[in-house]
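# Summary of the model geometry
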Amino acid sequence: MSATDTDVGAALPKVRVDYLPLLLPLLLAVAAFPFIPSTSTWVTLTIAGLAMGMMIFVMASGLTLIFGLMDVLNFGHGAFIAIGAYMATLVLLPLAAWMQADSVWLNLAAVMPAVLFAIVVTGALGLAFERIVIMPVYGQHLKQILITMGGMIVAEQILYAFFGPQQIPLALPTSLRGSFQFGEAAVEKYRVIAVLVGLAVFAAMLLILNRTKIGLLIRAGVENTEMVEALGYRITRLFVGVFMAGSALAGLGGVMWGLYREQVNAAMGGELMVLVFIVVIIGGLGSVTGCFIGALLVALATNYAGFLVPKAALITDILLMVLILLWRPRGLYPVTSR
Amino acid sequence: MTLPMMPLSGDPPRSRVLSAALILIVLALALAPFLFPGAKPLNVAAKVCIFIALAASYDLLLGYTGVVSFAHTMFYGIGSYGIAIALYSLGARWDAIGLGLAIALPLAAALALVIGLFSLRVQTIFFAMITLAVASAFAVLASQLSWLTGGEDGRSFRVPELLQPGTVFIPRDVLGVAVTGRTLTYYIVFACCVLLFLLLLRVVNSPFGRVLQAIRENPFRAEALGYRTVVHRTLANCIAAAAAAAVGALNALWLRYTGPDTSLSFNIMLDILLIVVIGGMGTMYGAIIGGTLYVLAQNYLQALMGTVSTATGDAGIPILPQLFHPDRWLLWLGVLFILSVYFFPTGVVGKLRGGPS
Amino acid sequence: MSALLSLSGVETHIGRYHILHGVELGVPEGKTTMLLGRNGAGKTTTLRTIMGLWRASRGEIRLAGERIDALGTPDIARAGIGYVPETMAVFSDLTVKENLILAARAGEMDQSRLDWIFGFFPPLKKFWLSRAGTLSGGQKQMLSFARAFIEERKLLLIDEPTKGLAPAIIGALIDCLKEVKRRGATILLVEQNFRVAQEIGDSVSIMDNGRVVHSGTMAELARDETLQHRLLGLSLDTHQ
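The structure presented is a predicted model; accordingly, all values stated were derived computationally and were not measured.

### Comments concerning the overall build of chain A
Along chain A, the regular secondary structure elements total 14 helices and 4 strands. Against the globule reference of 20 Å for 338 residues, chain A gives a C-alpha radius of gyration of 21 Å, in line with a compact fold. Dimensions of chain A, computed from the C-alpha atoms along their principal axes, are close to 75 × 50 × 40 Å. Buried residues in chain A amount to 51% of all 338 residues. Across chain A, contacts joining residues at least 24 apart in sequence account for 78% of those joining residues at least 6 apart.

Written out as structure tokens, the structure reads:
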């Protein structure tokens, strides 16, 4: 058998990079332009959309990765969002003086520990949640939905019990207040930071997924967990790590959102989950890139619609989801075989 | 089929304790205006009837078809708002009630049809998420369209004269308890809820119902056997939605008010979920047991919790006062819910029947 | 010759279905054992049970004398078993290179081994950095093989490798298997194609209805057309 014989019937593999979804947010921004009265308003709305999108991406990316790898949908993911925000307040409120100070360094000295604390706590709680609540119901979707929903209820109630039902105000640090001026357009400083943080998280996730062995295992596991085990890897250990990371990301998102809205309340997790679900559905369960695009789309749509037709913001998101599902029934980048 | 079996569609409680409990509950509800005189107990009784019927309609979906939907309260709300808007706009007339029903029920079924066709092809999880999103959007929409729905404040309206509390049929001195329009309304609610329950029992015990259960067990097998799962699931969705709308209409009639908090709030969705799971999924009777337990707990457990809370607070124990605060009763129900899913998947009814979990 | 792998009284239930009814099987070391039988006889189930993907409800499975039936799949794989599943199960989103990196669990890929693999399967070198999902069916099977052979394994479990492939590709696979055999590998091979089975099999076990109904040497089965007909429902000449 010569070498060329084995090439018989071998097609040259087509290089198929799926660019179209990547362009969608750009298309949406451009499409909205004619409808918005002034350019500076459009700029403000677009930046707001990008910032919000990044925050939602941070919250949703963990969820989609967890589902893709472990086939577990945590309806209680929102609890980690709220818990992250509350943990940040535990650090930031005592350090209010540093937050108000007119020095970037003092501000950072308050914010960084808060973020770190939030991430560590939510990560640890994620570990506990996965081992205690979720592990017994691997593979049973119905029970998972019910149990994680129950977990969400309990978590929210515990937050109410410890922190009270009222909102906790969370002022932005001084150095992050205010806006940059670009001509007529005012761009809030915090929004720029949010975009940078979101991009950093995205870049880090892509790097880990594509350049490390763990990322390799995750990507392979998303496709076929059985085969990864048949190659000798104890992938269930990886599950726990991914769940912790996903929960920690939710916590980070919660901190970002809390600062954005300058208040924290126990119901924020549940409220944001609807958007997170829409984003995850649009992006395709298990795809980080899809989640990124989906988050940008949803946030931009919410901001544009919120300006043009204030009552229809959520409906617009649903419509967007329906349109995308009609185009690609399993989301923009369906990764898993499920 | 023997005579007692017929109204129960051949699906009896199959447990002495359960039968006794059910008979007790039904009797108590039937005689409520006379056994528990007073506005509050009657309110509780009406709420029990309504929650039982609503939970039963949800059990059709969750327990028998194996579909997790978070849009059920949306259909309940459609029924409620249908009646409210009709009576508000047209005045306190019986034909207004008829019109409200004639619009709300088909609307609910149609919406269920659209959602079903669109997303019942997909996995459980996908469907659950989509229904959550749609229901949330609907709730927002309802509170935004204040010209129609009364917005956040909802709609109060007057009911036909026969149903008004001021209408006295039999004065107090005759039976010890006055029979008023309120009593009549209660019995309408009671009778309709009983009827709905029995109808749903009929549906789940029909050949259609058996196919649903087959689909729940193994959709691929059912498909291979020739049953179109999408069609069956969609139909079940529509029936459940119409039933929920009917219950919503009854609720509006009883409260003489409809608002986002009484009909569309996500809390109601969670309540139903809790009731069906704790009572027993796929049993129908679970709705009765669960609904009764739930409403009783909501109204009387909170008082108990309040006592514990103040006691632990006075004793200086940390944390416990907050955890047992009456407002936190949902926390304990949530814990019970989680424990049920783990340890009593067949719920209270399943345990009473002594069957395998 | 000692049996490297032995199954005794293995029963497997999947849900309500009782698939394996007490499988008795021995795979001699250094030889290739064919596992034959009609569709639905339980061959794939047997391999999956050995691999731990399905748990045996009863019976023992021993690898080199040690029981493996209670171990999890990763540990069974680490005990030195390479698995080529019926579905090939290549990771479509990963490149050919990444697929093999994963398969070479012990560490770096051995370059000489890689060259040896490229010798049999040139397309793998050609599409080294291409996503595995873009490969043709035959090339995916080559990749699946390569994953199993990238490292030395005590035992190779291979499930219907030639199904649906062009004769040229089958030829390459057989050549590779012959070479692997020559190097002393122990193989348990499920194969529907009797001609292929005859070419590489040393011993044969035939399954029917979840049991092994015949065990013997390949030579003896090839000689006895009546036996073939009875056990496999057809004779050598009429089957491909």
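### Points about the overall build of chain C
A count of helical and extended segments in chain C gives 10 helices and 10 strands. In terms of overall dimensions, chain C has C-alpha extents of about 45 × 40 × 35 Å along its principal axes. The burial tally for chain C puts 45% of its 240 residues in the buried class.

### Observations regarding the interface of chain A and chain C
On the chain C side, the residues contacting the 25 residues of chain A number 33 residues. Of all the secondary-structure elements, those providing two or more residues to the side of chain A that touches chain C are helix H1 (3-6), helix H9 (213-223) and helix H10 (225-230) of chain A. The class makeup of the residues in the side of chain A that touches chain C is 13 nonpolar, 4 polar and 8 charged.

### Some remarks on the sheet that holds strand E2 (residues 17-28) of chain C
Residues and elements named next belong to chain C. Overall, antiparallel pairing links the 4 strands, which are arranged E2-E1-E4-E5 in an open sheet. Each edge of the sheet is formed by a strand with only one pairing partner; in this case those strands are E2 and strand E5 (66-67). One ladder, built from 9 bridges, connects strand E1 (residues 3-14) with E2; its direction is antiparallel. Pairing of Thr12 across the sheet is with Leu20, part of E2. Packed on one face of the sheet, helix H1 (residues 43-50) meets E1, E2 and strand E4 (56-63) and runs near 70 degrees to E2.

### Describing the interface of chain B and chain A
Between chain B and chain A, the residue contacts involve 32 residues of the former and 28 residues of the latter. Secondary-structure elements contributing two or more residues to the side of chain B that touches chain A are helix H6 (124-144), helix H14 (266-279), helix H16 (320-323) and helix H17 (329-343) of chain B. The leading source of residues in the side of chain B that touches chain A is H6(B), at 14 residues. For the side of chain B that touches chain A, a count of residues per class yields 23 nonpolar, 8 polar and 1 charged.

### Considerations on the sheet that holds strand E7 (residues 155-159) of chain C
Residues and elements named next belong to chain C. Spatial strand order, E6-E7-E8-E3-E9-E10: 6 strands in an open sheet with mixed pairing. Taken across any chain shown, the strands that pair with only one partner, and hence form the sheet edges, are strand E6 (81-84) and strand E10 (211-217). Strand-to-strand twist in this sheet, taken as the mean axis angle between neighbours without regard to direction, amounts to 15 degrees. Here H1 sits on the sheet and contacts strand E3 (32-37), E7, strand E8 (186-190) and strand E9 (203-208); the angle it forms with E7, its principal contact strand, is near 145 degrees.

### Quick word on helix H8 (residues 189-211) of chain A
Compared with the 33 Å implied by 1.5 Å per residue over 23 residues, the 32 Å span of H8(A) between its first and last C-alpha is a close match. Check the buried side of H8(A) and you find it contacts helix H3 (39-70), strand E3 (185-188), helix H11 (235-261) and helix H13 (288-308) of chain A.

### A few points about the confidence of the model for chain A
Confidence in the prediction for chain A averages 85 pLDDT; 94% of positions are at 70 or higher. In the predicted structure, residues 1-15 of chain A sits below a pLDDT of 50 and forms 27 contacts with residues beyond four places in sequence or in another chain.

### Notes on unusual backbone geometry
Residues apart from glycine generally show negative phi values, whereas peptide bonds are mostly found in trans. Residues and elements named next belong to chain A. Of note, the phi angle at Glu262 is positive, near 55 degrees, even though the residue is not glycine. With respect to the helices and strands, Glu262 occurs in the loop between H11 and strand E4 (263-264). When the 13 C-beta atoms within 10 Å are taken as the criterion, Glu262 is described as partly exposed.

### With respect to the confidence of the model for chain C
Residue and element names in this part refer to chain C. On average, residues of chain C score 88 in pLDDT, and 96% of them reach the 70 mark or higher. Here helix H10 (residues 225-232) stands out as the least confident element of chain C, with mean pLDDT 76; E7 is the most confident, with 95. Within the model, pLDDT remains below 50 along residues 235-240, and this stretch shows 12 contacts once partners closer than five positions in the same chain are excluded. Among the scores for the predicted complex, ipTM is 0.90 and pTM is 0.82.

### Focus on the packing of helix H4 (residues 77-92) of chain A against helix H6 (residues 104-134) of chain A
Residue and element names in this part refer to chain A. Between H4 and H6, whose axes approach to 8 Å, the crossing angle comes to 140 degrees. Comparing their axes, H6 and H4 come out oblique. Judged by the sense of rotation from one axis to the other, the crossing of H4 with H6 is right-handed. Residue-level inspection shows Phe80, Ile83, Gly84, Met87, Ala88, Val91 and Leu92 of H4 in contact with H6, the latter providing Ala110, Pro113, Ala114, Val115, Phe117, Ala118, Val121, Thr122, Leu125 and Gly126. For the contact of H4 with H6, the residue count by class is 14 nonpolar, 3 polar and no charged.

### Comments concerning the pairing of E9(C)
Residues and elements named next belong to chain C. Direction of pairing for E3 relative to E9: parallel, over a ladder of 5 bridges. Across the sheet, Thr33 pairs through a bridge with Ser203, a residue of E9. Relative to E10, E9 runs antiparallel, the two being bridged by 6 bridges. Looking at the pairing, Ile206 lines up with His214 of E10. Linking E9 to E10, which pair antiparallel, is a turn of 2 residues; within it Asn209 sits at a positive phi near 50 degrees.

Quick notes on the rules
- Residues numbered from 1 in each chain as written.
- Chains lettered and ligands numbered in written order.
- Predicted model: local features only at pLDDT ≥ 70, side-chain atom pairs only at ≥ 80, totals over all residues.
- Helix = DSSP H or I, 4+ residues; strand = E, 2+ residues; numbered from the N terminus.
- Rg over C-alpha atoms; globule rule 2.2 N^0.38 Å.
- Buried ≥ 20, exposed ≤ 12 C-beta atoms within 10 Å, placed from the backbone.
- Contact = placed C-beta atoms within 7 Å.
- Nonpolar A, V, L, I, M, F, W, Y, C, P; charged D, E, K, R; others polar.
- Pairing = 2+ DSSP bridges.
- Axes fitted to C-alpha atoms, helices over the stretch in contact; angles between N-to-C directions.
- Expected span 1.5 Å × (residues − 1).
- pLDDT = per-residue confidence, 0-100.
- Parallel < 35°, antiparallel > 145°, perpendicular 65-115°, else oblique.
- Left-handed = near helix turned anticlockwise from the far one by under 90°.

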